[in-house]
2 protein chains.
Amino acid sequence: MSKERIAIAGAGPVGSLLAVMLAKKGYKIDLFESRPDSRQTNIYQGKSINLALSDRGWLALQSIGLDKEIREHAIPMYCRVMHDKQGNLSTFPYGKDNQAIWSVSRAGINEQLIDIAEQLDNVSVHFEHRLADLNFDTVESEFNCKTGKAEFNSDLMIGADGAFSKVRRLAQELPGQRISHSLEYMPQSYMELSISANADGSHKMEKNALHIWPRGEFMLIALPNPDGSFTCTLFLDHEGELSFESLDNQEKVKAFFEDNFKDALPLLDDPINDFFSKRPSSLCLVHIYPWVFNNKVALIGDAAHAMVPFYGQGMNCGFEDCRVMDELESEYNGNWQQILPAYQTARKANGDAIIELAKRNFIEMSELSGDANFLLRKKIEAKFNERYPELWVPLYSMVTFSPQIPYEYALRTGDIQKQIMDEIMQIPNIAQCWQEEHIYDRLHTLAVAKLEAA
Amino acid sequence: MSKERIAIAGAGPVGSLLAVMLAKKGYKIDLFESRPDSRQTNIYQGKSINLALSDRGWLALQSIGLDKEIREHAIPMYCRVMHDKQGNLSTFPYGKDNQAIWSVSRAGINEQLIDIAEQLDNVSVHFEHRLADLNFDTVESEFNCKTGKAEFNSDLMIGADGAFSKVRRLAQELPGQRISHSLEYMPQSYMELSISANADGSHKMEKNALHIWPRGEFMLIALPNPDGSFTCTLFLDHEGELSFESLDNQEKVKAFFEDNFKDALPLLDDPINDFFSKRPSSLCLVHIYPWVFNNKVALIGDAAHAMVPFYGQGMNCGFEDCRVMDELESEYNGNWQQILPAYQTARKANGDAIIELAKRNFIEMSELSGDANFLLRKKIEAKFNERYPELWVPLYSMVTFSPQIPYEYALRTGDIQKQIMDEIMQIPNIAQCWQEEHIYDRLHTLAVAKLEAA
């Protein structure tokens, strides 16, 4: 029997990577993208936000030998640099000395992956094909394209078509199915701003860091690019007392930047005009169950589990979905009746967990990352982790640097760690005595009791 | 200026009641229903499940003088009667002596309300009109009907069209709006069974009670009808080890009833054949925000907040929505630009709260209602409530018998009461000493400290 013909809706980073993985196994792949080819128009029409590629993403790329190529255009960020209101900086490492998250441009990695997919004989990329309809029994699909309608027959369809997935929306309309789903808008929206390179092409701030201006209800962040620029993102309430909506004239915006981002203001490229030339983008969370329909159609990446960007895990999780599907393809010898249910079982709880973790992390980034108590807590955890690397991996490290630990386990364990650390932080004068031996004895006792019991 | 012309989608109990309320204020009402008129076909095509009308529902009916008519066909249920596996009965009151929830047939109350609506000159009821499209700016609506398409112009549209509301689904497709929504299937589905009257028209079990066969993961309940019959509902997992799906032959179903509902089996009307002649119905929860679009279209009842039936509050909450909208209409002198936002503000948090309470109550009904410890807890609360009726109203009473208490307050207060009662239940030998004075002193101290602080 010849291998199945697989349609993939959405040629974003996740769809493109999946196309490459499955094509390498000998499947005939049709990769559909509603947008024009950004490599030809030279205008990237997708999300321009920078992404932080970390170990889960790298592991997936490595599994098919793509990590080296991608790393050439990525910048390691070893620490967060926090900018306070007065412009004072403080630095905090993400993990151990050699551990980093890597700044990549979404457009760049996407185009690289499409290039690689196109070089494979058994991948056909169809740009400007917008999914219009899908038969979930026969896997016949209909697309709107330049020439009108185009129809395709496939054996499987994988929806990698993002947070507003058309495959998912068509699934939700299936009669008689029990499909639970949710789409939740966050109060915050975001807007991209930029900091150009110096005249000599160097970066205007520390290059190997993720910069954060944490201001409680809102924040600005900046990620470095190879050309010396930074891509900045302002996260702020969509509406309300202080919000994108309330900042409705030049003076208000100017005052807002002066009050809150004093040291960033002279570096940003005309932020006040930029602010009014753009519209803020929404952030939303998507849950759906099932992810697999008739064992012929499945969802992957944001289409299955759109999350907010505050843990830098959206693409990493999508890439991990691809790696797991690819591994299950081998494990079940190409039997998709088994692969798809096993994929759903392996990934659903992890998708839910990282959505929850990412949602919670807004508070950590925007509020706690400027809080002395919170930073002390992190220091104690780091020190304890050095001593007992098996017993205690800090939550951020589990999520970011430990692809062998499922997100779902990280979420559960992180909650127990939080209880334990709440107790440690109650110790009188903890800020003075945090390096003393008895602290780590107590921590060890609690960790053994609570973590090993769980 | 003449009063607005208001379209109401859905002539279920909530839509019909709202039509009567607003027509009495002088509005011109078009009430649309996708189904045929059940009064003419003599076959009720909607949900046939019995409902428990309680104080919130009565208050809404009373506000327009309809309570007496409805009460003529309702049966008061003063207590729960629990049936254990051996057929032993135990009885537990719902509230104080005179407090009851009232069994009504959904079909019956619905038809009564439509009769009342039709008697009003300014209400037009349009059966077999299925909403096809709605312009959220102009409030032009299009319906599929026997004669093809029908178009209507209105000033306002209220979607009272149930858990799978078409008005809501059309709103979700509006471009550029930030509409959060979720639809969650419960693991349990339900199936209706029946117990006929005795030959002399009397009831085969205690008439003035809600009967429960609590079995942990599943349960059977029965509500009395005026003709001597009971409407029974089996709640059971949809799929899984023991489920509607797993009970796939006569022997298994027979054994299931014999094992679990020994005393009900001889009373039920041919339950084994009945089981196979029906399909289980799903239960789902719906959240959406906003409930109001362009201040011209609003959602009400299940369309805004579908819940599970385990607190008996679905229709009561919908009726309360109507009463609040009607009161706001008076308060704002018919200014719908103010009425609709105020309605949303008043009701959204309460809708969320009762969805959550109803979801939690499955465990209470199916598991805890057969649990001695749980019943003891209820007895202590009832006794304390007698002494301090202002300080402590049990959660069930807040929800069911206290329409002046918002659901949202009941949920919050119930959580604090639970913490307090957890502490009381830890008192050694509580089962023996629960009537002693020191228990109520302790409870009083805790209640004053925790409830009054909140």
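Each value, and the rule that gives it
- Residues numbered from 1 in each chain as written.
- Chains lettered and ligands numbered in written order.
- Predicted model: local features only at pLDDT ≥ 70, side-chain atom pairs only at ≥ 80, totals over all residues.
- Heavy atoms only, no water.
- Helix = DSSP H or I, 4+ residues; strand = E, 2+ residues; numbered from the N terminus.
- Buried < 20%, exposed > 50% of the residue type's maximum accessible area, 1.4 Å probe, protein only.
- Areas by Shrake-Rupley, 256 points an atom, 1.4 Å probe, with all protein chains shown as cover.
- Lys, Arg positive; Asp, Glu negative; His and termini not counted.
- Charge placed at Lys NZ, Arg CZ, Asp CG, Glu CD.
- Salt bridge = Lys/Arg side-chain N within 4 Å of Asp/Glu carboxyl O.
- Least-squares fit on C-alpha atoms with pLDDT ≥ 70 in both.
- Contact = heavy atoms within 4.5 Å.
- Axes fitted to C-alpha atoms, helices over the stretch in contact; angles between N-to-C directions.
- Parallel < 35°, antiparallel > 145°, perpendicular 65-115°, else oblique.
- Left-handed = near helix turned anticlockwise from the far one by under 90°.
- Nonpolar A, V, L, I, M, F, W, Y, C, P; charged D, E, K, R; others polar.
- Core = buried A, V, L, I, M, F, W, Y, C linked by side-chain atoms within 4.5 Å.
- Pairing = 2+ DSSP bridges.
- Domains from an automatic or database assignment.
- Buried area = accessible area lost by both parts, 1.4 Å probe.
- Polar contact = N/O pair within 3.5 Å; in protein donor to acceptor, adjacent residues only side chain to side chain.
- pLDDT = per-residue confidence, 0-100.

## Observations concerning the overall build of chain A
Line of reasoning, step 1. For chain A, the helix and strand inventory stands at 16 helices and 19 strands.
Line of reasoning, step 2. With the principal axes as the frame, chain A shows a C-alpha extent of 70 × 55 × 45 Å.
Line of reasoning, step 3. By the burial criterion, 57% of the 454 residues in chain A qualify as buried.
Line of reasoning, step 4. When the accessible surface of chain A is summed, it comes to about 19500 Å², and 47% of that surface belongs to carbon and sulfur atoms.
Line of reasoning, step 5. One finds the centroid of the 45 positive side-chain charges in chain A at a distance of 1 Å from the centroid of its 64 negative side-chain charges.

## Overview of the pattern of salt bridges
Line of reasoning, step 1. The full count for this structure, using the stated rule, is 58 salt bridges over all chains.
Line of reasoning, step 2. Here Arg39 of chain B and Asp37 of chain B are joined by a salt bridge, their closest N and O atoms 2.7 Å apart.
Line of reasoning, step 3. Assessed through its relative accessible area of 23%, Arg39 of chain B is described here as partly exposed.
Line of reasoning, step 4. Among the residues examined, Asp37 of chain B registers a relative accessible area of 8% and is labelled buried.
Line of reasoning, step 5. Here Lys450 of chain B makes a salt bridge to Glu423 of chain B, at a shortest N to O gap of 3.8 Å. A residue pair is termed long-range when its members are at least 10 positions apart, and Lys450 of chain B in helix H16 (residues 437-453) and Glu423 of chain B in helix H14 (residues 407-425) qualify at 27 residues.
Line of reasoning, step 6. Salt bridges linked by common partners bring Arg56, Glu320, Asp321, Arg323, Glu327 and Arg347 of chain A together as one network.

## Let's talk about the relation of the copies chain B and chain A
Line of reasoning, step 1. You can overlay chain B on chain A at an RMSD of 0.0 Å; the transform is a turn of 180 degrees with a shift of 0.0 Å along its axis. When the rotation and shift are considered jointly, the pair of chain copies conforms to a two-fold rotation axis. Minimal C-alpha distance to the rotation axis in chain B is attained by Ser182 of chain B, lying at 1.9 Å.
Line of reasoning, step 2. Residue by residue, 100% of the interface of chain B is reproduced at the interface of chain A, so both copies engage with the same surface.

## Quick word on the packing of helix H10 (residues 314-331) of chain B against helix H11 (residues 336-366) of chain B
Residues and elements named next belong to chain B.
Line of reasoning, step 1. Interaxial distance between H10 and H11 falls to 9 Å at its minimum, and their mutual angle equals 155 degrees. Between H10 and H11, the angle is such that the two are roughly antiparallel. The two elements H10 and H11 cross, and the hand of that crossing is right-handed. Taking contact as the criterion, the partners of Cys317, Glu320, Asp321, Val324, Met325, Leu328 and Glu329 in H10 are, on H11, Trp336, Ile339, Leu340, Ala342, Tyr343, Ala346, Arg347 and Ile354.
Line of reasoning, step 2. In the contact of H10 with H11, the residues fall into eleven nonpolar, no polar and four charged.

## As for the nonpolar core
Line of reasoning, step 1. Counting 111 residues, the largest nonpolar core has Leu17, Leu53 and Phe319 of chain A as its most contacted members.
Line of reasoning, step 2. Among the elements that line this core, the one with the most residues is helix H11 (residues 336-366) of chain A, at twelve residues.
Line of reasoning, step 3. Leave out the neighbours within four places in its chain, and Phe319 of chain A touches Pro13, Val14, Leu17, Leu53, Gly57, Ala60, Leu61, Ile109 and Leu113 of chain A.
Line of reasoning, step 4. In terms of nonpolar packing, the next biggest core, distinct from the first, is built from 110 residues, Leu22, Ile29, Ala150 and Ile339 of chain B among them.

## Re the sheet that holds strand E10 (residues 140-145) of chain A
All names here are of chain A.
Line of reasoning, step 1. The strand order across the open sheet formed by three strands is E9-E10-E11, and the pairing between neighbours is antiparallel. What marks the edges here is a single partner per strand, and that holds for strand E9 (130-134) and strand E11 (148-153). Averaged over all pairs of adjacent strands, the angle between their axes in this sheet comes to 30 degrees, without regard to strand direction.
Line of reasoning, step 2. Here E9 pairs with E10 via four bridges, running antiparallel. When the sheet's bridge partners are listed, Arg130 is paired in E10 with Asn144.

## Things to note about the sheet that holds strand E9 (residues 130-134) of chain B
All names here are of chain B.
Line of reasoning, step 1. A sheet is described by the order of its strands in space; here three strands give the open sequence E9-E10-E11, paired in antiparallel fashion. Looking along the sheet, the strands with just one partner apiece sit at the ends: E9 and strand E11 (148-153). With direction set aside, neighbouring strand axes in the sheet form an average angle of 30 degrees.

## A short note on the packing of helix H14 (residues 407-425) of chain A against helix H16 (residues 437-453) of chain A
Residue and element names in this part refer to chain A.
Line of reasoning, step 1. Interaxial distance between H14 and H16 falls to 10 Å at its minimum, and their mutual angle equals 145 degrees. Between H14 and H16 lies a crossing of right-handed hand. The residues of H16 that touch H14, namely those facing Thr413, Ile416, Gln417, Gln419, Ile420, Met421, Glu423 and Ile424, are Ile439, Arg442, Leu443, Leu446, Ala447, Lys450 and Leu451.
Line of reasoning, step 2. Of the residues assigned to the contact of H14 with H16, the class counts are nine nonpolar, three polar and three charged.

## Observations concerning the pairing of strand E15 (residues 219-224) of chain B
Residue and element names in this part refer to chain B.
Line of reasoning, step 1. Of all six residues in E15, six are buried; the element is thus mostly enclosed.
Line of reasoning, step 2. Both strand E14 (residues 209-214) and E15 contribute to a ladder of four bridges, which runs antiparallel. Within E15, the residue paired with Ile212 across the bridge is Ile221.
Line of reasoning, step 3. With six bridges joining them, E15 and strand E16 (residues 230-237) adopt antiparallel strand pairing.

## Quick look at the domain arrangement of chain A
Residue and element names in this part refer to chain A.
Line of reasoning, step 1. Taken domain by domain, chain A holds domain 1 (5-77 + 104-183 + 284-361), domain 2 (185-282) and domain 3 (371-451).
Line of reasoning, step 2. On the domain 3 side, the residues contacting the 18 residues of domain 1 number 14 residues.
Line of reasoning, step 3. For the pair domain 1 and domain 3, the two sides together bury roughly 1300 Å², of which 60% comes from carbon and sulfur.
Line of reasoning, step 4. Here domain 1 and domain 3 share one salt bridge between them.
Line of reasoning, step 5. Across the contact surface, domain 1 and domain 3 share nine residue pairs in polar contact (both at pLDDT 80 or more).
Line of reasoning, step 6. Broken down by secondary-structure element, the contributors of at least two residues to the side of domain 1 that touches domain 3 are helix H3 (55-63), helix H10 (314-331) and H11.
Line of reasoning, step 7. Looking at which element gives the most residues to the side of domain 1 that touches domain 3, the answer is H11, with eight residues.

## Let's talk about the confidence of the model for chain A
Line of reasoning, step 1. Averaged over all residues, the pLDDT of chain A is 94; the fraction at 70 or higher stands at 98%.
Line of reasoning, step 2. In the predicted assembly, ipTM is 0.82 and pTM is 0.87.

## Topic: unusual backbone geometry
Note: most residues except glycine have negative phi, and most peptide bonds are trans.
Residues and elements named next belong to chain A.
Line of reasoning, step 1. At the junction of Tyr289 and Pro290, the peptide bond is cis and its omega measures out at 0 degrees in the coordinates.
Line of reasoning, step 2. Position of Pro290 among the secondary structure elements: in the loop between strand E17 (281-289) and strand E18 (292-293).
Line of reasoning, step 3. Within the chain, Glu128 stands out as a residue other than glycine whose phi angle is a positive 50 degrees.
Line of reasoning, step 4. Relative to the elements of secondary structure, Glu128 occurs in the loop between strand E8 (123-126) and E9.
Line of reasoning, step 5. For Val139, which is not a glycine, the phi torsion comes out positive at approximately 60 degrees.
Line of reasoning, step 6. With respect to the helices and strands, Val139 occurs in the loop between E9 and E10.
Line of reasoning, step 7. Residue Val139 is classed as buried on the basis of its relative accessible area of 1%.

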